[in-house]
Each structure stands twice: as C-alpha cells, then as structure tokens.
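Here is what each chain is made of, one letter per residue.
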Amino acid sequence: MTILDGKKVSNQIKEEITQQVAEMKARGEKVPHLAAVLVGNDGASLTYVGSKVRACERIGFESTLVKMPETTSEEELLKKIEELNQNDDIDGFIVQLPLPKQIDTQKVLLAVDPDKDVDGFHPMNFGRMALEMETFIPATPFGILEMLERYEVETSGKHTVVIGRSHIVGRPMSILMGRKGFPGNSTVTLTHSRTKNIKEMTLQADIIITALGVPGFLKADMVKEGVVVIDVGITRVPDVTRDRGYRITGDVDFENVSKKSSFITPVPGGVGPMTIAMLLKNTLLARARHKAAKA
Ligand code: GUN
C-alpha cells in the first residue's frame with residue numbers, strides 16, 4: 001500500500017513555483033498577483049482564504065485579500081468583481097464560497113472574467129474543461145490529477161467511481177477521469193445521494209473518489225482488494241483533546257480501507273494541501289496568459 005502524500009507533493013510543487021518566480025524576478029518581470037474575495041465571517045472560509053494568501057507570500061507572489069461584510073449586497077459584490085476584472089495588475093482572483101444567502105452564486109461566478117478565473121468555476125472554463133480545451137481546472141480536481149500523475153497511478157481502462165456530484169469536486173472529477181490522456185481514459189460512474197446501493201458500485205471500482213462530507217462513510221467491506229482511494233472529505237469533528245476543539249476527518253475509514261488499497265490518500269495531508277498548490281499553479285498560468293495577451 002502506498003500513501004499518496006499530498007503534503008510532500010504540494011511542497012514539491014510550491015518549490016518548483018518558487019523557483020520560477022525567482023527567475024521571473026531576476027529577469028525583472030512582474031510576478032503573478034492573486035486576489036481573494038471573502039464575504040462574511042464563515043470560520044472555515046476565513047481559514048482557507050488565510051492559507052491561500054499566506055501561500056502566495058511564501059512563494060513570492062503578490063496577493064490581495066478583499067474582505068467584505070456579511071451584509072454585502074449582490075450589487076456591491078458584482079461591482080467589486082468588475083473592479084478586479086479591470087485591474088490590470090491582478091492576474092487572477094477567486095471569490096471564496098459559500099456566499100451569504102442574499103447573493104446569487106451563479107450570477108457572481110458568471111461575472112468573473114474567464115481569463116482571471118483561477119478557480120475554473122466560470123461556465124466557459126467548465127465547458128472548456130469538458131471539451132478538453134486549454135483552461136483553468138478547478139484546484140481540488142487538478143490536485144487529484146497531479147497526484148495520480150506524480151505517483152504514476154494507472155487510470156486507463158480502469159473503472160472510476162466518484163461519490164458526490166458537487167460543482168467543485170465530484171462533477172468535474174467525473175468529467176476529467178473520462179477525458180482522453182493520462183490521467184484519464186477511465187470508465188466513470190458518478191454516484192450521489194439518489195444512487196441506489198452505492199456498495200454495489202464501489203465493489204466494482206478500481207478507483208474511488210469520495211467527496212461527500214460524511215466521516216467514515218467508505219468502509220472496508222465496500223471496496224475490493226487493490227483499490228485506489230482518493231478521499232476528498234474534510235469534516236470538522238468535535239474533539240476536546242485538540243487545542244482548537246475539532247479534528248479534520250475524511251469520508252474513508254482509513255485504518256481498515258487502507259489494508260485493502262494499493263494507493264490511498266490520508267486526511268489530513270492528502271488532497272487538502274494539493275488544493276492550494278494547484279491554485280498557485282493556475283495563478284502562474286494566468287500570469288503567463290495575461291503577459292502573452294498583452295505582447
Ligand atoms: N469553497 C470551498 N472550496 C473552494 C474553492 O476551491 N474555491 C473557492 N473559491 N471557494 C471554495
């Protein structure tokens with residue numbers, strides 16, 4: 001059994017990007033600039049956005065954090081997005097989700113300039129992904145592909161079962177694993193809350209990608225010997241033995257499922273750290289495209 005070590009791989013990627021940024025600086029070029037918009041005070045979102053901004057600083061990117069109050073109107077947020085679209089100094093930006101309920105998320109995602117959409121959430125970029133055109137692949141799915149690639153996990157001709165159809169993980173993953181090339185060329189089954197007898201599906205799977213948010217959902221009796229397991233679950237479970245009062249738990253009963261797995265991601269330290277590294281990679285790509293467009 002091999003642990004897919006997201007911490008290690010993400011550090012490698014960050015080192016590679018740091019090197020590229022240093023070379024840009026040495027050539028006197030502008031470094032990539034990422035902006036993040038955070039509306040409201042959601043605890044998890046504050047943590048994620050804080051990590052994204054700190055990661056930018058560490059690798060030498062410029063970063064801007066735009067904090068807006070919980071009471072922000074849709075109109076005010078759309079105005080801010082237009083400012084970021086127009087700001088030539090900013091190469092890419094993200095709007096952290098979820099948004100407060102008075103704001104229509106679809107409308108907001110549509111307002112982001114697709115060339116600055118480093119989250120890959122704009123319908124144009126999502127469509128380009130499905131059509132195998134150059135695009136920004138959403139960071140978490142992109143991170144999963146990168147891990148499969150760096151650990152040389154065979155995906156061609158394999159049966160991949162994705163659990164969960166979220167727009168951020170499950171749905172894009174189901175598309176990416178069926179695309180031509182490596183990683184890809186899989187036969188994909190997308191399962192969700194209305195799927196009857198998920199166990200019947202998972203028992204047939206060579207690769208299982210769970211993005212459900214139900215701690216310990218995937219049990220050892222649901223998988224076959226030699227399975228590849230990618231756990232995208234990140235649920236905060238109360239834990240009084242921890243200083244912060246909770247621990248992060250995945251969708252997989254790791255202790256027992258790992259015994260039957262050929263490759264498996266731990267939680268924490270698997271997919272999670274990859275997400276930020278891939279956002280940085282998308283920002284680097286956005287900078288290169290922005291520069292080429294102006295040349
Ligand atoms: N909320 C949870 N995951 C993400 C993400 O990858 N990007 C953004 N913008 N919001 C999120």
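(A) The packing of aromatic side chains, seen in detail. Under the criterion given, the structure shown has zero aromatic pairs. We note Arg289 situated over the ring of Phe136; from NZ or CZ to the ring centre the distance is 4.4 Å.

(B) Layout of the site of the ligand. Around the ligand sit Lys52, Val95, Gln96, Leu97, Asp119 and Phe121, and those are all the residues in its vicinity. In the environment of the ligand, a nitrogen atom lies 3.3 Å from a nitrogen or oxygen atom belonging to the side chain of Gln96. Contact with the protein chains covers 83% of the free accessible surface of the ligand, which is 280 Å². Partitioning the shell around the ligand into residue classes produces three nonpolar, one polar and two charged.

(C) Structural view of the sheet that holds strand 8 (residues 227-231). Spatial ordering of the open sheet is given by 1-11-8-7-5-6, a layout of six strands whose pairing is parallel. What marks the edges here is a single partner per strand, and that holds for strand 1 (2-3) and strand 6 (187-191).

(D) View of the environment of Pro32. Residue position: Pro32 is located in the loop between helix 1 (6-26) and strand 2 (33-39). Placed 116 residues apart in sequence, Pro32 and Leu148 show a C-alpha to C-alpha distance of 27 Å. Pro32 has contacts with Met24, Phe61, Glu62, Asp91, Thr283, Leu284 and Arg287, leaving out every residue within four places of it along the chain.

(E) Structural view of the sheet that holds strand 3 (residues 62-68). In space, the three strands of this open sheet follow the order 3-2-4, with parallel pairing throughout. Edge positions in the sheet fall to strand 3 and strand 4 (92-95), since each has one partner strand and no second. Strand after strand, the sheet turns through a mean of 15 degrees between neighbouring axes, direction not considered. Here four bridges tie strand 2 to strand 4, and the two strands are oriented parallel to one another. Bridge assignment links Leu34 to a residue of strand 4, and that residue is Gly92.

Calculation criteria
Residues numbered from 1 in each chain as written. Predicted model: local features only at pLDDT ≥ 70, side-chain atom pairs only at ≥ 80, totals over all residues. Heavy atoms only, no water. Phe/Tyr/Trp six-rings, centres within 6.5 Å; stacked < 30°, edge-to-face > 60°. Lys NZ or Arg CZ within 6 Å of the ring centre and 35° of its normal. Near = heavy atom within 4 Å. Polar contact = N/O pair within 3.5 Å; in protein donor to acceptor, adjacent residues only side chain to side chain. Areas by Shrake-Rupley, 256 points an atom, 1.4 Å probe, with all protein chains shown as cover. Nonpolar A, V, L, I, M, F, W, Y, C, P; charged D, E, K, R; others polar. Pairing = 2+ DSSP bridges. Helix = DSSP H or I, 4+ residues; strand = E, 2+ residues; numbered from the N terminus. Contact = heavy atoms within 4.5 Å. Axes fitted to C-alpha atoms, helices over the stretch in contact; angles between N-to-C directions.

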